[in-house]
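Now for the letters of each chain:
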Amino acid sequence: MKYFRLSAASPLCRLIGLFVVLLFSGCLIDRIGGAFTQKPEDLEISASDATKRLIDQAFDGIDPGQLVDYHTHVLAIGTSVKDAFINLKMRSGVNLERLKFLIYTSASDIKNIDNTDQEYVNRLVSLARANKRQGKYRILAFDKHYNLDGTVDLGKTTMYVPNDYVVELARQYADVFLPVISLHPYRPDAIDELDRWGKAGVKYIKWLPNAMGMDPANKAIEPFYRKMKEHNMILLSHGGEEQAVEAEEEQELGNPLRLRKPLDMGIRVIIAHAASLGSCADLDNGQGNNAKKANCFDLFLRLMDEAKYRGLVFGEISAMLQFNRMPGPFTTLLKRQDLHPRLVNGSDYPLPAINALIRTRSLARDEFITGEERTALNEIYDYNPLLFDFVLKRTMRHPETKQKLAASVFMQNPGLE
């Protein structure tokens, strides 16, 4: 999950700094977070004709039976889900971590914090099923932060969403969800757990190295990769900067070049967000302090362009339309039609429901969308932020060439399924 950059230099941080007292009193939380006002099931009846036409255009060329979102978060804090939790800073006190949590719950339309776990699922299912051309959503478990010696560091653990929970949700809501487990390779039981889930038929594993504390290039986890290979499992790993982490040494764990290790061992890897934020060390041209910094997205493109990784490395496009990532990386992907067969879509929900993150006014000004499309997209958001994310990506065009993302980006990828 992508979090706000809350450093002093951040525009969002400055905004929060101005209104922090009001925010904690609840006056502006919903304006920054969930600014929607309508029920998703009412869209088909009440939306304007122009909005309905834009939705129909977005589904042109899409087989709903093949439609899939590869990156959908599940929020569970332990109100009903056994063992689930979030960092204590998010639950109490006057601090930025708690503020972020309040924004997430607003975006998720959670009214009663004491019923967070169930309300989150209810809302997500409601958004998914409200779309008559509903696809499926790969929901993500989230493991704890582990140290190299296999011990848990709860202070650095942002949240914990158990594997059993997402697998059970996928069973309970089989028309909507597909499970993605999360297993930290430093766990003492990592290989046994990997084997258990592999035998159960689970194929996808989610990592966020910067927040979880694993180094994908660590030679010590080669047995983990071999077990993944045995079960033909796929790694969905965050790439680039992670805005929940401030320590530079942990940010570097998101360097896409560190994923050469699993790729060289024949593991298929999906790099989340196409590593579209931040700078990373160019490990191909130096190590440690000798390595020059490069744009993380450029390093992602380097991996995508290497012939030996075709069929192994894929890019995932969630969060790329957020204002702090636009316009460069997404504009490049619009032009790079040759990469579209190896791109997959992800919403990173609930982030598309955070009103402050995606600025349709700027997108219209820069001619990625028209003014009329902006009006329709804003209306869709008001009813269904999850559908808004899909329609926006299908509508976006290169300002000069008018190229769009291929319809295949939004459906099951033959190289993965």
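Source: prediction; values computed, not measured.

What counts, and at which threshold
Residues numbered from 1 in each chain as written. Predicted model: local features only at pLDDT ≥ 70, side-chain atom pairs only at ≥ 80, totals over all residues. Heavy atoms only, no water. Axes fitted to C-alpha atoms, helices over the stretch in contact; angles between N-to-C directions. Helix = DSSP H or I, 4+ residues; strand = E, 2+ residues; numbered from the N terminus. Parallel < 35°, antiparallel > 145°, perpendicular 65-115°, else oblique. Left-handed = near helix turned anticlockwise from the far one by under 90°. Contact = heavy atoms within 4.5 Å. Nonpolar A, V, L, I, M, F, W, Y, C, P; charged D, E, K, R; others polar. Salt bridge = Lys/Arg side-chain N within 4 Å of Asp/Glu carboxyl O. Buried < 20%, exposed > 50% of the residue type's maximum accessible area, 1.4 Å probe, protein only.

J.: Just to check I follow, could you spell out the packing of helix H4 (residues 49–58) against helix H17 (residues 385–395) for this structure?
T.: Helix packing for two helices is described by the angle between their axes and how far apart those axes are. Where H4 meets H17, the closest approach of the two axes is 9 Å, and the angle between their N-to-C directions is 70°. In terms of their interaxial angle, H4 and H17 are classed as roughly perpendicular. Pair H4 / H17 crosses with left-handed handedness. For the pair H4 and H17, contact is made by Leu-54, Ile-55, Gln-57 and Ala-58 and by Leu-387, Phe-390, Val-391, Arg-394 and Thr-395, respectively. The class makeup of the residues in the contact of H4 with H17 is six nonpolar, two polar and one charged.

J.: So what exactly am I meant to see when it comes to the pattern of salt bridges here?
T.: Note that side chains of opposite charge can pair when their charged atoms are close. With the rule as written, the count across this model stands at 30 salt bridges. A salt bridge links Asp-284 to Arg-260, with the shortest nitrogen-to-oxygen separation between them at 2.7 Å. Of this pair, Asp-284 sits in the loop between strand E9 (279–281) and strand E10 (293–295) while Arg-260 is found in helix H12 (residues 260–264), placing the two residues 24 residues apart along the sequence. The exposure class of Asp-284 is partly exposed, given its relative accessible area of 35%. Of the charged contacts in the structure, one is a salt bridge between Lys-308 and Asp-264, with a shortest N-O distance of 4.0 Å. Note that Lys-308 is positioned in the loop between helix H13 (296–305) and strand E11 (313–316) and Asp-264 in helix H12, a separation of 44 residues in sequence. For Lys-308, a relative accessible area of 54% puts it in the exposed group. Residues participating in the shared-partner salt-bridge network are Arg-260, Asp-282, Asp-284, Arg-302 and Glu-306.

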